[in-house]
Amino acid sequence: MTDAARPDARRPDARDEDDGFLASLAVYLRPRVLIVILLGFSSGLPLALSGATLTIWMAEAKVNLTTIGLFALVGVPYNFKFVWAPLVDALDVPLLGRWLGRRRGWLVFTQLLLAVAIVWLGFQDPVLSPWHVALGAFLVACASATQDIVVDAFRVESLDTREQAAGMAGYVAAYRVGMLASGAGVVLLVAWFEVLGVPRADVWGWGYLAAALMVGVGLFASLIAKEPAGEPVIKHEENVFKRIGETAVGAFGEFLSRPSAVAILLFVVLFKFCDAFAGVLTGAFVIDIGFDKAAYAGIVKGVGFAAALIGGFAGGLIARALPLSTSLWIAGILQMASNLVFSWQAWMGVDLGALTLTIIIENFTGAIGTVIFVAYISALCGDRAHTATQYALLTALAAVGRTFLASSAGFVAQETGWMLFFAVTALAALPGLAILAYLQARGHFRQLEAQGGP
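Just so it is clear, the structure is predicted and the values come from calculations on it, not from any experiment.

Undergrad: Give a detailed account of the overall build of the protein, specifying residues and quantitative values.
TA: On a plain count of helices and strands, the protein comes out with 24 helices and zero strands. Residues classed as buried in the protein amount to 52% of the 454 residues present. For the protein, long-range pairs separated by at least 24 residues make up 82% of all intrachain contacts whose partners lie at least 6 apart in sequence. Total accessible area on the protein stands at roughly 19,700 Å², and carbon and sulfur atoms take up 72% of it.

Undergrad: Which residues make up the nonpolar core, and what values do they have?
TA: Core analysis: the largest hydrophobic core is formed by 96 residues, its most contacted members being L54, I118, L328 and Y376. Those residues within four positions of L328 in sequence are excluded, and the remaining contacts are F267, F271, I372, F373, Y376, L436 and F445. Grouped together as the second largest cluster of nonpolar side chains are 21 residues, F277, F285, Y296 and F342 included.

Undergrad: Can you explain the environment of V140? Please cite residues and give values.
TA: Here V140 lies in helix α9 (residues 130–158). What makes V140 buried here is its relative accessible area of 0%. Counting along the chain gives 93 residues from V140 to L47, while the straight-line C-alpha distance between them is 8.5 Å. Those residues within four positions of V140 in sequence are excluded, and the remaining contacts are P46, S50, L114, A117, I118 and L121.

Undergrad: Quick rundown of the pattern of salt bridges? Include the residues and the values.
TA: The full count for this structure, using the stated rule, is six salt bridges. We note a salt bridge from R102 to D92, for which the minimum N-O separation is 2.8 Å. With R102 in helix α8 (residues 102–122) and D92 in the loop between α6 (85–90) and α7 (96–100), this pair connects stretches of sequence that are 10 residues apart. Here D152 makes a salt bridge to R155, at a shortest N to O gap of 3.9 Å. Of the two residues, D152 and R155 are both situated in helix α9; the distance of three residues between them amounts to about one turn of the helix. A relative accessible area of 8% places D152 in the buried class. We classify R155 as buried; its relative accessible area is 0%. Each of the salt bridges in this network shares a partner with another, and the network as a whole consists of E60, E194 and R200.

Undergrad: Describe the packing of helix α10 (residues 164–195) against helix α11 (residues 200–214), with residues and values.
TA: One way to put it is that α10 packs onto α11 with a least axis distance of 9 Å and a crossing angle of 140°. If you check the angle between α10 and α11, you find them oblique. Considering only the axes of α10 and α11, their crossing is right-handed. On α11, the residues touching A181, V186, V187, L189, V190, F193 and E194 of α10 are R200, V203, W204, W206, G207, A210, A211 and M214. For the contact of α10 with α11, the class distribution of residues is 12 nonpolar, one polar and two charged.

Undergrad: Tell me about the side chain of D148, residues and numbers included.
TA: By the secondary structure assignment, D148 is in helix α9. Despite its burial, D148 remains without a salt bridge, the nearest opposite charge being carried by K81 at 4.1 Å. In contact with D148, not counting residues within four places along its chain, are S43, Y78, K81 and Y171.

Undergrad: Can you explain α10? Please cite residues and give values.
TA: Residues three or four positions apart in an α-helix share a direction because the helix packs 3.6 residues into each turn. Here α10 contains 32 residues, and its C-alpha end-to-end distance of 45 Å stays within 8% of the 46 Å for a straight helix at 1.5 Å per residue. If you look at α10, its biggest bend is around 35°, right at G185. Following α10 by one or two positions, G197 adopts a phi angle in the positive range, close to 95°.

Undergrad: Explain the packing of aromatic side chains to me, and be specific about the residues and the numbers.
TA: Per the counting criterion, the structure on display carries 19 aromatic pairs. Aromatic side chains Y171 and Y175 sit 6.0 Å apart centroid to centroid with 40° between the ring planes, which places their arrangement in the tilted category. Residue Y171 and its partner Y175 are located together in helix α10, separated by four residues, close to a single helical turn. Accessibility expressed as a relative area gives 6% for Y171, which makes it buried. Both rings, one in F271 and one in F373, keep their centres 5.3 Å apart while their planes meet at 25°; by these two values the pair is stacked. In this pair, F271 is assigned in the loop between α14 (261–270) and α15 (273–279) and F373 in helix α19 (residues 352–380), connecting sequence segments 102 residues apart. Neither residue differs from the other here; F271 and F373 are each classed as buried. Pairwise contacts between aromatic rings join F273, F277, F285, F342, W418, F421 and F422 into one cluster.

Undergrad: Tell me about the packing of helix α2 (residues 31–49) against helix α12 (residues 216–224), and name the residues and values.
TA: The relative placement of two packed helices is expressed as an angle between their axes plus a distance between the axes. Orientation of α2 relative to α12, taken along the N-to-C sense of each, is 150°, at an axis distance of 8 Å. Crossing hand, α2 versus α12: left-handed. Contacts between α2 and α12 pair I35, L38, L39, F41 and S42 from the former with V217, G218, F220, A221, S222 and I224 from the latter. The class makeup of the residues in the contact of α2 with α12 is eight nonpolar, three polar and no charged.

Undergrad: Could you give me a rundown of helix α22 (residues 418–427), with the residues and numbers involved?
TA: Those residues of α22 that sit buried are W418, F421, F422, T425 and A426. Seen from one end, α22 has its buried residues packed into an arc of 145°, which puts them on one side. Where α22 is buried, its residues meet α15, α16 (282–288), α18 (324–348), α21 (409–416) and α23 (430–441).

Thresholds applied
- Residues numbered from 1 in each chain as written.
- Predicted model: local features only at pLDDT ≥ 70, side-chain atom pairs only at ≥ 80, totals over all residues.
- Heavy atoms only, no water.
- Helix = DSSP H or I, 4+ residues; strand = E, 2+ residues; numbered from the N terminus.
- Buried < 20%, exposed > 50% of the residue type's maximum accessible area, 1.4 Å probe, protein only.
- Contact = heavy atoms within 4.5 Å.
- Areas by Shrake-Rupley, 256 points an atom, 1.4 Å probe, with all protein chains shown as cover.
- Core = buried A, V, L, I, M, F, W, Y, C linked by side-chain atoms within 4.5 Å.
- Salt bridge = Lys/Arg side-chain N within 4 Å of Asp/Glu carboxyl O.
- Axes fitted to C-alpha atoms, helices over the stretch in contact; angles between N-to-C directions.
- Parallel < 35°, antiparallel > 145°, perpendicular 65-115°, else oblique.
- Left-handed = near helix turned anticlockwise from the far one by under 90°.
- Nonpolar A, V, L, I, M, F, W, Y, C, P; charged D, E, K, R; others polar.
- Lys, Arg positive; Asp, Glu negative; His and termini not counted.
- Expected span 1.5 Å × (residues − 1).
- Bend = angle between axes of the 7 residues up to and from the residue.
- Phe/Tyr/Trp six-rings, centres within 6.5 Å; stacked < 30°, edge-to-face > 60°.
- Arc of directions from axis to C-beta.

Shape descriptors only; they carry no functional weight alone.
Next comes the structure, spelled out in structure tokens:
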């Protein structure tokens, strides 16, 4: 959005009394940032309920593995949420939009829908009614993906330019906590219900009901939040489909009309490519060189989880203290170097101390890169009328490296061996860094600053 739309926006190169380490920490206590953190918990909550937690429930119910595997398809809405993102940008939710505003109206609507879908899913029987379970899981995924669209737009539009990275760091941390609550938390709660004597046929329903109540965290945040400023005027006499179409076309057209648009899109695809290229095989690598699954899972879930949380907040501090271009250079070089640590691990072999250090470095640097990169994507979504659509499109584009380009990793590893493979993945960072240098030379980041970006 423009500075006119956000009068509190400040240029990122302004160094005033708010700068400094303590001020960088204090930003996490600002009401707008705290709202985004609470919404992060709400966004992370549903993922396991239609994924890992549902899988455990079905396995315990003795559903066959073929059926359990097919349930992975209920996650499709997360990959195609950009298709209906223009609806969120173009339309108000009836009544709620009038009372709360466009963004908050959509937030409350999706969270209520999400809570209902979670409860309905929890009280189905995966053996007797597998199609009902599939429908419930699909509805949870749809509501969750729509909530993600709205939360992303709300975060970009609500936070001051100097709060974006901190907001994203808090969001990522809370997202992980939400996933943990609906994953291990719900499973432990179900086990506790069994100890209390709740009939086995009912325990999962009560576990999912508890998860639905946790959606109240995000609902509370949505109700006490303030609607972002600068909401576009709605012409109610317009044809609804015309308005949606114009929003979708406008989102593409506005972005592609920018200077260096093609280079920006290539940078979005390639910046995290080296991370994805290595990440697709790190689990297989650890098992292949001789570690057992329990050791790897224990280190990743324990030490790795903590390192990722700390890295996320470190990324927020870096992006707040330094210009965005400098932050991206730091993130890119750290990602590149962290891949070489896996080459060292391949040389060390089965050494739990070395693996612990490797996982800490991987999760810490990866979280720094993610927060800084998302701060950059947020800066690109500057048009208030297209925030949800542009953000959904850019994040889908960023996933290309993870889903398509990185698919060749297995062939490369088979030909090179592990030590050389991870060296190659480090070199895969160079195209993204070259485009970063090109964009910096073309004045891309100065243009973002002039528009009020981070």
